[in-house]
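Okay, here's what each chain looks like letter by letter:
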Amino acid sequence: MKQLNDIDLTGYDQIEVQGAREHNLKNIDVSFPRNKLVVVTGISGSGKSSLAFDTIYAEGQRRYMESFSAYARGFIGEMERPDVDKISGLSPVISIEQKTTSRNPRSTVGTVTEIYDFLRLLYARAGEAFSYVTGRRMVKQSQDQIIDQLLAQFGGQKTTLLAPVVKGRKGHYRELFVQIARLGYTKVRVDGEVQDIVPKMQLDRYKVHDIEIVVDRVIPKAEDRYRLSQSVATAIKQGKGAMMVLDTNGEVHYFSQNLMDPESGISYDDPAPNSFSFNSPYGWCPTCQGLGVVEEITEDSIMPDRSLSISRGGIAPLGEYRDAWIFKQLETLLKKHKVSLSTPLEKLPPEAMEVILYGSDEPVPLPSKKYPGTEWDTKFDGIINFLKRQQETGTDKIQDWLKDFMVIRTCPECNGARLRQESLHFKIDNKNIAELAQVDIRELADWMVGLEDRLTDRQRVIGHEVLKEIRKRIGFLLDVGLEYLTLNRALRTLSGGEAQRIRLATQIGTQLTGVLYIMDEPSIGLHQRDNVRLIQSLKNLRDLGNTVLVVEHDKDMMLASDYIVDVGPGAGRHGGQIVGRGTPDEFLQNGSVTAEYLSGRRGIEVPAERRKGNGNTLILKGCTGHNLKNVTIKLPLGTMICVTGVSGSGKSSLIHETLFPILNQHFYRSRREPLPYKSIEGLEHIDKVIEVDQSPIGRTPRSNPATYTNLFTDIRTLFAELPEAKIRGYKPGRFSFNVKGGRCEDCEGAGMKKIEMDFLPDVHIACETCKGKRFNRETLEVRFKGKSIADVLDMTVEQSLEFFENQPRILRKVQTLNDVGLGYITLGQHATTLSGGEAQRVKLAEELSKRDTGKTLYILDEPTTGLHFQDIRHLLDVLNKLVEKGNTVLIIEHNMDIIKVADYIVDIGPEGGAQGGRVVAEGTPEKVAKAKESFTGKFLKEELNG
């Protein structure tokens, strides 16, 4: 009998692509089975993404758009058909790419997975309220309950029933007293004192007041219940759901139909889901508006070096002394304190410093230039006060300038919890919603175990369905290896691989069938140990009746797939062909480069001897940031060091957020604060630090590899020196697409125009005037070796090596781009089209083209992202050259081919999140392979013995 996923209702058992010519694809025909896990692999730049995303996904998206009505398509416009003859057997397509990370600080893991939304619903409906003043449980009473309590508590005593109308607010309240009198009341209690209402009665408008209406004076008795109920109803009506009782001893007791603390009298509004949202004014902390952090201008941020004087630029926003009004004011102020603008800041008297920073009400007399012999009396606001005012009212340009003097601090009001204090005092099982958002997913899953047994009957009934949804979504995150993340982790701080796996978890949750999912290296940033769970998740997606197409280089993923398609044989113009396909067993018999590495016939060799280094060590002691548990590491300089460990173990906290900011502050006076640590030794043995991360080299099509590496400056200079350019009087700026003169003014040198699509992502289309060439006709008439400046930008790095062979300055930079495996990209390729791994290698090339000192520390974050086995070999050659010159290369990596060739390994773990943050093993790969607690060690042992 056939299995469900063997039966395909479309009638197709294959997806067939015929005549694909997108980008570098050479008119290829390829087919692969439907409802299977299919891996598309090949050397970087061979055309994998062109086949998977630019051909198959683009055609699926176009067909979906065509299903819209003609009216809707009028808004969207026609999508261009990919350059392919025919695709048959195509299902609805969903793309899960790496470039999905939101830049919005309000997007978190909790909001994007909807777990936080369900928690908000749970707390709004089943949370128990506690007072933020006394910590007591808040109570809500009906009118009958209030009357019963009055009879029980105050029976036979004289009491005064009060209706609160003003609580802790300033004002004279003249109109309010008139209104109260018109309602027939004769007495009010103002600030604790009962008074008669008199004509023209008013209070001090600048003081804070409490005002209550005296509704009735009664002695509660059972036989007078009717009168009592009338008075209570009136008091509650006037007090908008709340009332107070003044007893014979002058003590006040609070009662309310809303949530209220009977001791302090504070009350909360009935909770709604948006009461727990940090994106809503009803829930967010009013100080930080739900961001959890505030930007402050501090004394240290505007005076980074107090050994300087004001005239030498000690106050950074002012700069060095010049003939300006503010310096004249400061000069006059300092004379009073018998110091001058040349006095170092650290030697200024405290009272003078106070006036400089925070101003003074005393007028500052300044001689007038316009009317000699007279003086202007001016008031000095103070530097910090002035900057704060500009922060609120200044132009965008001024606010950008002010960012240099801002320090980001945890919000003092909510301590980073993002919510107002009332929201933080609703609890379930003694935990508020912010506490749940701050623990990792694994800990949250553990808290959910047996939760129903710890809830009240009412909470259990209300929360049954909600808890089921939360548990399901937590399960999906655990399945894709993200148990170390927290719900409040900002989406913009995730790596491309993590963001992609979150989307994958969300898609598994939708339980769609008959869909073609296309993914771009979902294993990025994942330790080998967690790869097994990711592969299982993809198989689960397949078993629902979907086709899963994965662009991937991971060995385990390929061997676990149902079918492999290998694109090659080379990169760029040397690729674009199908060099092998079949089931893993069939594929291993193939002669392609990928099959050679996969079968073990070819591999990256382990070095015969590990480098010992130059004898110097960098020692970082007592790191305690995030989940780090008093970590101390010793890094031997002059070696290749690999920091590894399971995902979420604390590698980034240790290197990116502790070590790098320390070195950055030391060498470049950076303002970025490192996470807490005790001390660092050995800084004298290095002279600079360079971090090469995967952030984009630019966010607009104007950025490209040529501009980023300063290669374009040399190319423009070369064109400006050509005879034709000199005759026309062209300078290097004429060949820039960023300034007026030589560029196409229709698209302002972008080569494309952005069309805003309102409810869809913006679309970029080629400029109709210059046809994407970026320059005007006159500029393109200047040619070098028959090529215009636009033709040069369209060259691949590999082609430009030959073209610029006699231009040593240009050749050196082009050669480094080629050395890091980027021979296939074009010099003018838009930054927005580069993957994270490609952007990182462009940065690496830019650093390599500089003259190194031999004492540099390079920090790389997963440089193997997007790299084939063959490309990793090239990358290692480049990194080894750096180390051989005496530099130190520190790599955060999960890839075993890099780990096994390192000279020294620091393994952090053993688990992710709270169970991580320790050094599990350190030393040579051979030593780490013997460490029993190390997950990396187990996989390393297989590689070394392999």
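Residue positions are given per chain, counted from 1 along the sequence in the order it is written. With the structure being a predicted model, the display of local features is reserved for residues of pLDDT at least 70 and the display and counting of side-chain atom pairs for 80 or more, all residues being used for whole-chain, interface and lining totals. Only heavy atoms go into the side-chain values, all of them from the structure, while hydrogens and water stay out.

Peer 1: Sorry, what's going on with the overall build of the chain here?
Peer 2: Here a strand is any run of E in DSSP of at least two residues, a helix any run of H or I of at least four, and the numbering for each starts at the N terminus. Of regular secondary structure, the chain possesses 33 helices and 34 strands. Counting only C-alpha atoms, the chain reaches 100 × 100 × 65 Å along its principal axes. Accessibility here uses a 1.4 Å probe with only protein chains present; expressed as a share of the type maximum, an area under 20% marks a residue as buried, one over 50% as exposed, and anything in between as partly exposed. Put simply, the chain has 946 residues, and 52% of those count as buried. When the accessible surface of the chain is split by element, carbon and sulfur atoms take 49% of a total near 44200 Å². Averaging the locations of the 125 positively and 128 negatively charged side chains of the chain gives two centres separated by 3 Å. In this description, accessible areas are obtained by the Shrake-Rupley approach with a 1.4 Å probe, and a residue is regarded as covered only by the protein chains that are shown. His is not counted, nor are the chain ends, whereas Lys and Arg count as positive and Asp and Glu as negative. Where a charge sits is defined by one atom per residue type, namely NZ (Lys), CZ (Arg), CG (Asp) or CD (Glu).

Peer 1: Hey, could you run me through the side chain of serine 649 in this one?
Peer 2: With respect to the helices, strands and loops of the structure, serine 649 is situated in the loop between β26 (640-645) and α21 (651-668). In this structure the side chain of serine 649 is engaged in a polar contact, spanning 2.9 Å, whose partner is the backbone oxygen of valine 646. Identification of polar contacts relies on pairs of N or O atoms within 3.5 Å, with a donor-acceptor requirement for protein atoms, meaning one able to donate a hydrogen and the other able to accept it, and with residues adjacent in sequence counted only if both atoms are side-chain atoms. Within the structure, serine 649 has its side chain in polar contact with the backbone oxygen of isoleucine 908 (distance 3.5 Å). Contacts are assigned to residue pairs that have any heavy atoms within 4.5 Å of one another. With residues up to four places along the chain from it excluded, the contact list for serine 649 reads Asn627, Ile908, Gly909, Glu911, Gly912, Gly916 and Gly917.

Peer 1: I'm lost on unusual backbone geometry in this one. Help?
Peer 2: Most peptide bonds adopt trans geometry, and most residues besides glycine take a negative phi value. Between glycine 568 and the following residue, proline 569, the backbone shows a cis peptide bond with an omega angle of 0°. By the element assignment, proline 569 lies in the loop between β22 (563-568) and β23 (577-582). Cis rather than trans, the peptide bond between glycine 909 and proline 910 has omega equal to 5°. Turning to its location among the elements, proline 910 is positioned in the loop between β33 (904-909) and β34 (918-923). Notably, aspartate 191 is not glycine yet its phi reads approximately 50°, a positive angle. Position of aspartate 191 relative to the elements: it lies in the loop between β8 (187-190) and β9 (193-196).

Peer 1: When you look at the sheet that holds β22 in this model, what are you seeing that I'm missing?
Peer 2: By way of backbone hydrogen bonds, the strands of a sheet pair with one another, either parallel or antiparallel. We call two strands paired when DSSP finds no fewer than two bridges between them. On the basis of which strands lie adjacent, the open sheet formed by six strands has the order β5-β20-β21-β3-β22-β23 and mixed pairing. The open sheet has two edge strands with one neighbour each: β5 (93-96) and β23. Taking each pair of neighbouring strands and ignoring which way they run, the sheet shows an average axis angle of 20°. Looking at chain direction, strand β20 (residues 516-520) and strand β21 (residues 547-551) are connected through five bridges and run parallel. Paired with leucine 516 across the two strands is threonine 547, which belongs to β21. Each of β3 (37-42), β5, β20, β21, β22 and β23 is contacted by helix α1 (residues 48-66), which is oriented at about 145° to β20, the strand it contacts most. Between the N-to-C directions of two axes lies an angle of 0 to 180 degrees, each axis being a line fitted to C-alpha atoms and, for a helix, fitted only over the stretch in contact. Lying over the sheet, helix α17 (residues 528-543) contacts β3, β20 and β21, oriented at roughly 145° with respect to β21.

Peer 1: Got a minute to help me understand the nonpolar core in this structure?
Peer 2: One recurring pattern in soluble globular proteins is that nonpolar side chains are buried together. The set of buried Ala, Val, Leu, Ile, Met, Phe, Trp, Tyr and Cys residues whose side-chain atoms join them within 4.5 Å is what this entry labels a nonpolar core. If you look at the biggest cluster of nonpolar residues, it comprises 150 residues, and the most contacted ones within it are Ile474, Leu504, Ile715, Phe719, Leu879 and Val889. By size, the runner-up hydrophobic cluster in this structure holds 28 residues, among which are Ile147, Phe154, Val188 and Ala235.

Peer 1: Looking at this structure, how should I read the packing of helix α23 (residues 711-720) against helix α28 (residues 808-819)?
Peer 2: Describing two packed helices takes the angle between their axes plus the distance from one axis to the other. One way to put it is that α23 packs onto α28 with a least axis distance of 9 Å and a crossing angle of 145°. When you trace α23 past α28, the crossing you get is left-handed. On the side of α23, the interface is formed by Leu711, Asp714, Ile715 and Leu718, while α28 contributes Arg809, Ile810, Lys813, Val814 and Leu817. Classifying every residue of the contact of α23 with α28 gives six nonpolar, no polar and three charged. Here a crossing is called left-handed whenever its near helix is offset anticlockwise from the far helix by less than a right angle, and right-handed whenever the offset is clockwise. Charged means Asp, Glu, Lys or Arg here, nonpolar means Ala, Val, Leu, Ile, Met, Phe, Trp, Tyr, Cys or Pro, and polar covers whatever is left, Gly included.

Peer 1: Which parts of the structure should I look at to understand empty space enclosed by the protein?
Peer 2: Over the atoms rolls a probe the size of a water molecule, and in doing so it shows where empty space is left. Method remark: on a 1 Å grid restricted to protein atoms, a set of points is classed as a cavity if a 1.4 Å probe fits but cannot get out and as a pocket if it is open with protein on both sides within 12 Å along at least five of seven lines; lining residues have an atom within 4 Å of a point. Grid points are joined across faces, edges and corners, and a volume is the space filled by probe spheres set on the points. A full pass over the atoms with the stated rule returns three cavities of 30 Å³ or more. Computed from the structure, the largest cavity encloses a volume of approximately 60 Å³. Lining the largest cavity are Tyr116, Phe278, Gly416, Ala417, Arg418, Leu419, Ala434, Ala437, Gln438 and Asn488. The class makeup of the residues in the lining of the largest cavity is six nonpolar, three polar and one charged.

Peer 1: Just checking my understanding: could you explain a nonpolar patch on the surface for this structure?
Peer 2: For patch detection, residues must exceed 30% relative accessible area and be free of salt bridges, and they are connected within 9 Å for like charges or within 5 Å for nonpolar side chains (Val, Leu, Ile, Met, Phe, Trp, Tyr). Salt bridge criterion: a side-chain nitrogen from Lys or Arg within 4 Å of a carboxyl oxygen from Asp or Glu. A cluster of nonpolar side chains, contributed by Leu291, Val293 and Ile408, occupies part of the molecular surface with about 250 Å² of accessible area. Mapped onto the secondary structure, valine 293 falls in strand β15 (residues 293-297). Classification of valine 293 as partly exposed rests on a relative accessible area of 37%.

Peer 1: Hey, could you run me through helix α4 (residues 115-126) in this one?
Peer 2: A turn of α-helix holds 3.6 residues, and therefore any two residues three or four places apart point the same way. End to end, α4 covers 16 Å across 12 residues, agreeing with the expected 16 Å (1.5 Å per residue, within 8%). Among the 12 residues that make up α4, nine are buried, leaving the element largely enclosed by the rest of the structure. Considered for burial, the residues of α4 that qualify are Ile115, Tyr116, Phe118, Leu119, Arg120, Leu122, Tyr123, Ala124 and Ala126. Structurally, α4 contributes buried residues whose contacts are with α3 (109-113), β6 (128-129), β19 (426-427), α13 (433-438) and α15 (457-479). The span you would expect from a helix comes to 1.5 Å times its residue count less one.

Peer 1: What should I look at first to understand the side chain of threonine 41 in this one?
Peer 2: Position of threonine 41 relative to the elements: it lies in strand β3. For threonine 41, the side chain forms a polar contact with the main-chain oxygen of glutamate 552, separated by 3.1 Å.

Peer 1: Sorry if this is basic, but what is going on with the packing of aromatic side chains here?
Peer 2: For any two aromatic rings, the description comes down to two numbers: the centre-to-centre distance and the angle of the planes. Pairing of aromatic side chains here covers Phe, Tyr and the six-membered ring of Trp, requires ring centres within 6.5 Å, and sorts the geometry by plane angle: under 30 degrees stacked, over 60 edge-to-face, intermediate tilted. Inspection of the entire model under this criterion finds 18 aromatic pairs. Aromatic ring contacts, followed pair by pair, group Phe719, Tyr730, Phe735, Phe784, Phe803 and Phe804 into a single cluster. A cation sits over an aromatic face here: lysine 427 above phenylalanine 130, 6.0 Å from the ring centre. The ring centre of phenylalanine 803 lies 5.3 Å from the NZ or CZ of lysine 785, which sits over that ring. When the NZ atom of lysine or the CZ atom of arginine is within 6 Å of a ring's centre and also within 35 degrees of its normal, the charge is said to sit over that ring.

Peer 1: Even after reading the chapter, I still don't get the pairing of β26, so can you show me in this structure?
Peer 2: A regular strand places its side chains on the two faces of the sheet in alternate fashion. With six of six residues buried, β26 is to be regarded as a mostly interior element. With burial as the criterion, each face of β26 is covered, one bearing Met640, Cys642 and Thr644 and the other bearing Ile641, Val643 and Gly645. Relative to strand β32 (residues 888-892), β26 is paired through four bridges, and the arrangement is parallel. Bridging across to β32, cysteine 642 finds its partner in isoleucine 891. With five bridges connecting them, β26 and β33 associate as parallel partners. Bridge pairing in β33 places isoleucine 641 opposite tyrosine 904.

Peer 1: Help me out: how do you make sense of the pattern of salt bridges in this one?
Peer 2: Two side chains that carry opposite charge are able to pair once their charged atoms sit near each other. If you walk through the whole model with that rule in mind, you get 52 salt bridges. By sharing partners, the salt bridges in this structure join Glu483, Arg529, Asp530, Arg533 and Glu911 into a single network.

Peer 1: Whenever I open this one, the confidence of the model for the chain confuses me. Can you help?
Peer 2: One rule of thumb: low pLDDT means the predicted coordinates there are not for detailed reading. Averaged over all residues, the pLDDT of the chain equals 89, while 96% of them reach at least 70. Here residues 1-5 is a poorly scored stretch, pLDDT under 50, and it has five contacts once near neighbours within four places are set aside; other chains count. Scored from 0 to 100, pLDDT records how confident the predictor is in each individual residue.

Peer 1: For this particular structure, what's the right way to read the pairing of β33?
Peer 2: The element β33 is extensively covered by neighbouring structure, given that six of its six residues are classed as buried. Pairing geometry for β33 and β34, over five bridges, is antiparallel. Its bridge partner being in β34, valine 906 is matched across the sheet by glutamate 922.

Peer 1: Explain the layout of surface pockets here, please?
Peer 2: Counted as a void, the second largest pocket has a volume near 770 Å³. Residue assignment for the lining of the second largest pocket shows that the elements contributing at least two residues are α17, α18 (555-560), α30 (869-884), α31 (896-899) and α33 (935-945). Broken down by class, the residue content of the lining of the second largest pocket amounts to 11 nonpolar, 14 polar and 12 charged.

Peer 1: Help me understand the sheet that holds strand β27 (residues 679-681), please; the structure alone is not making it clear to me.
Peer 2: Judged by pairing direction, the sheet is antiparallel, and its three strands sit side by side in the order β25-β24-β27 without closing on themselves. On the outer flanks of this sheet lie β25 (631-636) and β27, each paired with one strand and no other. On average, adjacent strands in this sheet sit at an angle of 10° to one another, irrespective of strand direction. Note: strand β24 (residues 617-623) against β25, five bridges, orientation antiparallel. Paired with isoleucine 619 across the strands is lysine 634, a residue of β25. Against the sheet, α21 engages β24, β25 and β27, with an angle of about 120° to β24.

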